[in-house]
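Chain residues, written in single-letter form:
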Amino acid sequence: MKLSDFVYELPKELIAQEPARVRDESRLMVVDRESRTVKSFVFSDIVNYFKHGDVLVLNDTKVIPARLHGKKPTGGNVEAFLLEKVSDKTWRCLVNPGKRVQVGTEIFFDGVKGKVIDRTESGERIIEFDSIDSDIFGAGEIPLPPYIHNSTVDRSRYQTVYAENDGAVAAPTAGLHFTPKLLKTLEEIGVTVLKVTLHVGIGTFRPIKVENIDDHKMDFEWFEISESVASTINDAKKDGRTIFACGTTVVRTLESNVSEDGKVIPGSGKTDLFIKPGYKYKVIDHLITNFHLPGSTLLLLVSAFADKELIFKAYKQAVDEKYRFFSFGDSMLIF
């Protein structure tokens, strides 16, 4: 497969720079794989596609204040971006400007001191802080995607209402449309709402740089599936009930830890699963997702769930009808 086959034209003005005024008032495009129809609704209408006994799986990861601004003893500015916790008070980080931050360099953030104790082969730095995570996070800010240029946006809107497990550097954006009231409505009609965790990494923004898609390597991301969640999903599938995945991160979590016969396996670890056309889904039945960047791994994932022709038909309609794209944009239900 060629990367160029998964590129589409997107007017810059359709890249959402702020969220919808109310989370569930964003638009919802429903793509029906059987009838191959594409219809437009409001996100709150999604309840009409659920029935008693269905299962909705969410990703409860929470975006950490990963971007820290600091200074070296010389007064030079340094930006550190937390990527992964290595051990107590020690993080793997991107630093800028990297050439001026060598092993042994001390960096002073807002009430927190860090020291570069190592450098990875890929040029990242291992920074040991003198404070606990809460203090480190207090010195940082929640990062926004590089295509959002609105510095005044309320960064609390870049969290789902059910976020609870610190560790992501980007939000699982399909979940940004849900409100507590909407989730309660789903539970009242008999939908089982479950949560898994996948800490979204910086790799979600990294483009595919090879024309042959098969040569692309995914970054690892940490996930966890509890025994109760795995058991509930497996029982639901055994009973013939429907599994809705909210977001590509939920898809990758469930599809990364599944047996050959389709049973979800509880546990935690790291996944670099790359889902692209030709992949055979084992767990999920329907997918809630946002509109993704041209040529991205996320676009490939949805093109594997529905076929590429149908997805690109939906994307063309979304552009024509001026849907809002990417993290703060509108939503799609692939049914």
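First, a word on what this report is: a plain description of the structure on this page.

1. Digging into the environment of His69
Tracing the sequence through the fold places His69 in strand 5 (residues 67-71). Measuring from C-alpha to C-alpha, the distance between His69 and Lys99 comes to 16 Å, with 30 residues separating the pair along the chain. The residues contacting His69, other than those within four sequence positions of it, are Val78, Glu79, Phe109 and Glu141.

2. Overview of empty space enclosed by the protein
Applying the stated criterion across every chain yields a total of 2 cavities of 30 Å³ or more. Lining the largest cavity, in full, are Pro19, Ala20, Arg23, Ser26, Arg157, Leu176, His177, Asn290, Ser327, Phe328 and Gly329. Considered class by class, the residues forming the lining of the largest cavity number 4 nonpolar, 5 polar and 2 charged. Space inside the second largest cavity adds up to approximately 30 Å³. Residue lining of the second largest cavity: Met218, Arg252, Leu273, Phe274, Ile275, Thr297, Leu298 and Leu301, and that is the complete set. Take the lining of the second largest cavity: its biggest share by element is 3 residues, from helix 5 (residues 297-305). Its residues assigned to classes, the lining of the second largest cavity shows 6 nonpolar, 1 polar and 1 charged.

3. Notes on the nonpolar core
Ranked by internal contacts, the top residues of the largest apolar core, which has 71 residues, are Leu254 and Phe325. Excluding anything up to four places from it in sequence, Phe325 contacts Tyr8, Leu10, Leu14, Ile15, Ala16, Phe291, Tyr315, Ala318 and Val319. One finds Leu82, Leu83, Trp91 and Phe137 within the second-largest nonpolar core, a separate group that totals 23 residues.

4. A closer look at the pattern of salt bridges
Between side chains of opposite charge, pairing is possible as soon as their charged atoms come close. By the definition in use, this model includes 15 salt bridges. Notably, a salt bridge pairs Lys51 with Asp54, separated by 3.2 Å at the nearest N-O pair. A salt bridge links Glu106 to Lys113; its shortest N-O distance comes to 3.7 Å. By sharing partners, the salt bridges in this structure join Glu84, Arg92, Glu124 and Lys270 into a single network.

5. A short note on helix 4 (residues 248-256)
Summarising burial for helix 4: 8 of the 9 residues are buried, a large majority. Every buried residue of helix 4 is accounted for by Thr248, Thr249, Val250, Val251, Arg252, Thr253, Leu254 and Glu255.

6. Details of the layout of surface pockets
As a volume, the largest pocket reaches approximately 650 Å³. Lining the largest pocket are 38 residues, and of these Gly203, Thr204, Phe205, Thr297 and Leu298 sit closest to its centre. Taken together, the elements giving at least two residues each to the lining of the largest pocket come down to helix 4, strand 17 (286-290) and helix 5. For the lining of the largest pocket, the leading source of residues is helix 4, giving 3 residues. Per-class residue counts for the lining of the largest pocket are 19 nonpolar, 14 polar and 5 charged. By volume, the second largest pocket is sized at about 550 Å³. If you trace the second largest pocket, you find 23 residues lining it, with Leu83, Glu84, Arg92, Phe220 and Glu221 closest to the centre.

Rules used throughout
- Residues numbered from 1 in each chain as written.
- Predicted model: local features only at pLDDT ≥ 70, side-chain atom pairs only at ≥ 80, totals over all residues.
- Heavy atoms only, no water.
- Helix = DSSP H or I, 4+ residues; strand = E, 2+ residues; numbered from the N terminus.
- Contact = heavy atoms within 4.5 Å.
- 1 Å grid on protein atoms, 1.4 Å probe; cavity = no way out; pocket = protein on both sides within 12 Å on 5 of 7 lines; lining within 4 Å.
- Points joined across faces, edges and corners; volume = space filled by probe spheres on them.
- Nonpolar A, V, L, I, M, F, W, Y, C, P; charged D, E, K, R; others polar.
- Core = buried A, V, L, I, M, F, W, Y, C linked by side-chain atoms within 4.5 Å.
- Buried < 20%, exposed > 50% of the residue type's maximum accessible area, 1.4 Å probe, protein only.
- Salt bridge = Lys/Arg side-chain N within 4 Å of Asp/Glu carboxyl O.

It is worth stressing that arrangement in space is one thing and function is another; only the former is reported here.
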